[in-house]
Amino acid sequence: MVELKQHILFALLLYLLQLTRGQESSVKNLVCYYDMESSQRYGYASFTSKYLNQSVKYCSHVVYASAHMDAKTYDIYLPVKNQIADSYKPRNLKKLKPQLKVYLSIGGDRDDKDSYGPLKYLHFLESSDYYHRRFITKTMEILHMYQFDGLDLALPLPRNTPQDESNLGAFLKDINPMGGGEGRKAETANVQYRHVYSKFVTELKKECDKNKFDLTMTVLPNVNSSDYYDVAEIHKHFKFINLFAFDFNTPERSPSKADYSAPLYFNPHQNRLPYANADFQIKYWLQQGCPAKKLNLGIATYGRAWKLTTRSGLSGKPIVEDTDGPGGYGNNSLLSWPSICRQLSHQRRNERPLTERTDTSYGNYAFRPANARNAGGIWISYDGPKFAATKVSYAKQKDLGGVVIYDLSRDDFRGLCHNIEFPILKSIREKLIESQPKQTAVIRSRPKSAKTLIRPAARQSRNNDILKGIVNTANILSIWTPQ
């Protein structure tokens, strides 16, 4: 009887351990970027604290984007008026969701628009230890002041330039698959930056640990990872790494050719760049030694719009030639999801509708050919709620740490299109927590002919009930067992 009791207890404890591990491994990050300047927009685009508060229940982390760097002093500052207002402070979000982690991001896409451009960050990395220590000290002060939980490094380092699709361009792609652009330096030219970046990150990590702050990293679109990051070395210092795998193709980068801005996989036709897709970026970081659990796949809540001309044709199938730069509002290519959704066929009333197409390997696009007066033509590449879910499935298949959404304020947070608030965020969340088909576990105890079938618990809360059952079983068996 003693032997039987021991086998039953061992089997139940083993099952509980496997169940707990299985639930932990299924937990995925949903990192939500919040643009701090979005509250200053006008009208329906104003992203107030009300909507920020509503979004956090879906997010595991919220990243405030972004603090910028002064090119002369290397001090960081917040680009919003009056800093961060009380209603937007991290502590208020954590009252709504105590387990939420709130980080401050440094850098971002808009911090390379001054006269110094991205070179200021290279100059900073090459600067003396004095400036590094000064930067780190000032950063720790801001994190403490606003009660952030950590820091996200999103340095806008120099980007790959759009490549001339010629015979020479095709040759360059073969010899440098992570590169791009005519006259691009050989890969070895920027190896020095790997060392200085690794050195700086090591210093920063020590100070974050001392102050009990998390440290994460975001790789911005079109930054050449092989130039600046020693992946095998730096991943050890980061809690996770966000890969912004979108904006590979934009009207600003390629004004005369429209193509998928955030393809999931490589399309080998029409001489496309082999690295300009999410799958390549993920595989590169994995091959360089970064654990899959540390990677979050980036998904954009906006699309990119090109202006079609009469020379662009009628099919809309990418790559579309003879486009005329940005096709959005005010000569801007970026269109938020509600702006796109309301232009689709089921939403239009007074203008010609857009025709929508989806390719499960690359993404969505919608278009309207130009009229006889060469006006009204537009071609938009975007993900939307459904294709965002497709990318989540990809992240789960690769066993990544999760996904990162950029950003909350470009989603349809007011529910203007289908009366559903945050449709992309909700679609991502639903796919992340979607469970795999349940499997029946068979636990054997002696004799081998005896089988106990136990189905995995659907929720973590049942673990306590199972543990209580084990304790009760042990008590009962102790009564049965002769002393």
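Small disclaimer: the values here were computed from a predicted structure and weren't measured.

Moving on, we get to the overall build of the protein. Along its length, the protein carries 14 helices and 18 strands. Per-residue burial for the protein yields a buried fraction of 51% across its 483 residues. Intrachain contacts of the protein at a sequence separation of at least 6 include 75% that bridge at least 24 residues. For the protein, the accessible area works out to roughly 23500 Å², and carbon and sulfur atoms hold 51% of it.

Moving on to helix 12 (residues 384–397). Compared with an ideal rise of 1.5 Å per residue, which puts 14 residues at 20 Å, helix 12 spans 20 Å between its outermost C-alpha atoms and is within 8% of the ideal. Those residues of helix 12 that fall on the buried side of the exposure criterion are Gly384, Pro385, Phe387, Ala388, Ala389, Lys391, Val392, Tyr394, Ala395 and Lys396. Immediately downstream of helix 12, the backbone of aspartate 399 shows phi near 60°, a positive value.

The subject of this paragraph is unusual backbone geometry. A cis amide bond links proline 318 with the next residue in sequence, isoleucine 319, at an omega value of 5°. Along the chain, the position of isoleucine 319 falls in the loop between strand 10 (302–307) and strand 11 (320–321). Cis geometry is found at the peptide bond from tyrosine 406 to aspartate 407, where omega equals -10°. When you line up the elements, aspartate 407 lands in the loop between strand 16 (402–406) and helix 13 (423–433). Positive phi is not limited to glycine here, since glutamine 147 has a value of about 60°. Within the chain, phenylalanine 422 stands out as a residue other than glycine whose phi angle is a positive 55°. If you trace the backbone, phenylalanine 422 turns up in the loop between strand 16 and helix 13.

Moving on, we come to the state of the cysteines. Taken as a whole, this structure holds 2 disulfides when the rule is applied. Here cysteine 32 engages in a disulfide with cysteine 59; their sulfurs sit 2.0 Å apart. Given an S-S torsion of about -95°, the disulfide between cysteine 32 and cysteine 59 has left-handed geometry. Pair noted here: cysteine 32 is in strand 1 (residues 29–35) and cysteine 59 is in the loop between helix 2 (49–55) and strand 2 (61–69), with a separation of 27 residues, a long-range link. Its relative accessible area of 1% is what places cysteine 59 among the buried residues. The partner cysteine of cysteine 341 in its disulfide is cysteine 417, sulfur to sulfur 1.8 Å.

The next thing to look at is the pairing of strand 16. By the criterion of burial, strand 16 is predominantly enclosed, with 5 of the 5 residues buried. The pairing of strand 1 with strand 16 spans 4 bridges and is classified as parallel. Paired with asparagine 29 across the strands is glycine 402, a residue of strand 16. Sheet analysis places strand 9 (residues 295–300) next to strand 16, joined by 5 bridges and oriented parallel. Among the inter-strand pairings, glycine 298 is bridged to a residue of strand 16, identified as valine 404.

Let us now look at the sheet that holds strand 14 (residues 363–368). Here we have 5 strands laid out as an open sheet, ordered 12-10-15-14-13, and antiparallel in their pairing. Looking at strand neighbours, the two that pair on one side only are strand 12 (334–336) and strand 13 (355–359), the edges of this open sheet. Between one strand axis and the next, the sheet turns by 25° as a mean value, whatever way the strands run.

Our next topic: the side chain of threonine 139. Tracing the sequence through the fold places threonine 139 in helix 5 (residues 129–146). In contact with threonine 139, other than residues within four places in its own chain, are Ile76, Ile106 and Leu151.

This part takes up the packing of aromatic side chains. Enumeration over the complete set of coordinates arrives at 34 aromatic pairs. Centroid distance tyrosine 64 to phenylalanine 148: 5.3 Å. Interplanar angle 80°. Geometry classified as edge-to-face. Of this pair, tyrosine 64 sits in strand 2 while phenylalanine 148 sits in the loop between helix 5 and strand 5 (150–154), and the two are 84 residues apart along the sequence. Side by side, tyrosine 64 and phenylalanine 148 carry an identical accessibility label, which is buried. Ring plane angle 80° and centroid distance 5.8 Å describe the contact between tyrosine 265 and tyrosine 394, whose orientation is recorded as edge-to-face. One end of the pair, tyrosine 265, is in the loop between strand 8 (257–258) and helix 10 (278–287); the other, tyrosine 394, is in helix 12, and 129 residues separate them in sequence. By relative accessible area, tyrosine 394 is classed as buried at 1%. Chaining the aromatic ring pairs together yields one cluster made of Tyr34, Phe47, Tyr51, Tyr64, Tyr88, Tyr146, Phe148, Phe413 and Phe422.

Parameters and conventions
- Along every chain, residues carry numbers that run from 1 in the direction the sequence is written.
- Local features in this predicted model are restricted to residues of pLDDT 70 or higher, and side-chain atom pairs are both shown and tallied only at a pLDDT of 80 or more, whereas totals for entire chains, interfaces and linings draw on every residue.
- Working from all heavy atoms in the structure, the side-chain values ignore hydrogens and water.
- The helix and strand labels rest on DSSP assignments: H or I over at least four residues marks a helix, E over at least two residues marks a strand, and numbering proceeds from the N terminus.
- Here the term buried applies to any residue with accessible area under 20% of the maximum for its type, exposed to any over 50%, and partly exposed to those in between, with areas from a 1.4 Å probe on protein chains only.
- Note on contacts: a residue pair is in contact if any heavy atoms of the two residues lie within 4.5 Å.
- Residue exposure ignores everything except the shown protein chains as possible cover, and the areas themselves are Shrake-Rupley values with a 1.4 Å probe.
- Expected span of a helix: the number of residues minus one, times 1.5 Å.
- The disulfide criterion used throughout: a pair of cysteine sulfur atoms within 2.5 Å.
- Paired strands, in this sense, are two strands between which DSSP finds at least two bridges.
- To get an axis, a line is fitted to the C-alpha atoms, and for a helix only the part in contact is used. The angle between two axes follows their N-to-C directions and goes from 0 to 180 degrees.
- Stacked, tilted and edge-to-face are the three classes applied to pairs of Phe, Tyr and Trp rings, where Trp contributes its six-membered ring and a pair requires centres within 6.5 Å; stacked means planes under 30 degrees apart, edge-to-face means over 60, and tilted covers the rest.

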